[in-house]
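# Coordinate inspection notes
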Amino acid sequence: MIPLKYLSAYPAHVTAQVQQLLADDKLGPLLLKKYPSAHGVRTDKALYDYVMDLKTQHLRNAAQINKVGFDAKLHVYHHALGTHTTVSRVQGNKLKAKHEIRIATLFKDVPDAFLKMIAVHELAHLKERNHDKAFYQLCTYMEPDYHQLEFDVRLYLTHIDVAGKLNWPS
């Protein structure tokens, strides 16, 4: 049995299905069929524009984002796929907050739906700090298929652990 660390919170019948897909070497082809191509966001500037478009569509009154970028160290060191950080600085007699979003470089070569799920997740932290009911309601407001996409990203991470990265055509 292969340990499924990204799917540990899911019911036994779901993890059994994933175990069977892995044993039959069908998880990768299933993901490639469901998501046939990778997104075109390759640079930090393009990622910033991508995230800002989502923010403009769904969170117009949220705090300004100062920086968005891919981070090669993120997945390895922080065990995170994306981060939202707030840096507060004193300027004169005012306290200024800068918001930064970093997304693991792993998401440079994945389908658009996976990148959107991570971006939506990090954008939701502008309004909701904790992973509670209000947070996930905001995520599903921005991306109605959020929960399915999160599960599919977990499947992909499991596939990486077992068989390596998939090569999506651009």
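This report concerns the structure included in the present document. (Residues numbered from 1 in each chain as written. Predicted model: local features only at pLDDT ≥ 70, side-chain atom pairs only at ≥ 80, totals over all residues. Heavy atoms only, no water.)

This paragraph deals with helix 5 (residues 112-124). Structurally, the α-helix is built with 3.6 residues per turn, so residues lying three or four positions apart point the same way. Spanning 13 residues, helix 5 covers 18 Å between terminal C-alpha atoms, matching the ideal 18 Å at 1.5 Å per step. Burial runs high along helix 5: 11 of the 13 residues are buried. Regarding helix 5, the residues found buried are Ala113, Phe114, Leu115, Met117, Ile118, Ala119, Val120, His121, Glu122, Leu123 and Ala124. On its buried face, helix 5 is in contact with helix 3 (44-58), strand 1 (65-71), strand 2 (82-91), strand 3 (94-104), helix 6 (133-142) and helix 7 (146-163). (Helix = DSSP H or I, 4+ residues; strand = E, 2+ residues; numbered from the N terminus. Expected span 1.5 Å × (residues − 1). Buried < 20%, exposed > 50% of the residue type's maximum accessible area, 1.4 Å probe, protein only. Contact = heavy atoms within 4.5 Å.)

Successive residues of a regular strand alternate their side chains across the two faces of the sheet. Relative to strand 3, strand 1 runs parallel, the two being bridged by six bridges. The residue bridging Asp71 from the neighbouring strand is Ala104, located in strand 3. Pairing between strand 2 and strand 3: 10 bridges, direction antiparallel. When the sheet's bridge partners are listed, Ser88 is paired in strand 3 with Ala97. (Pairing = 2+ DSSP bridges.)

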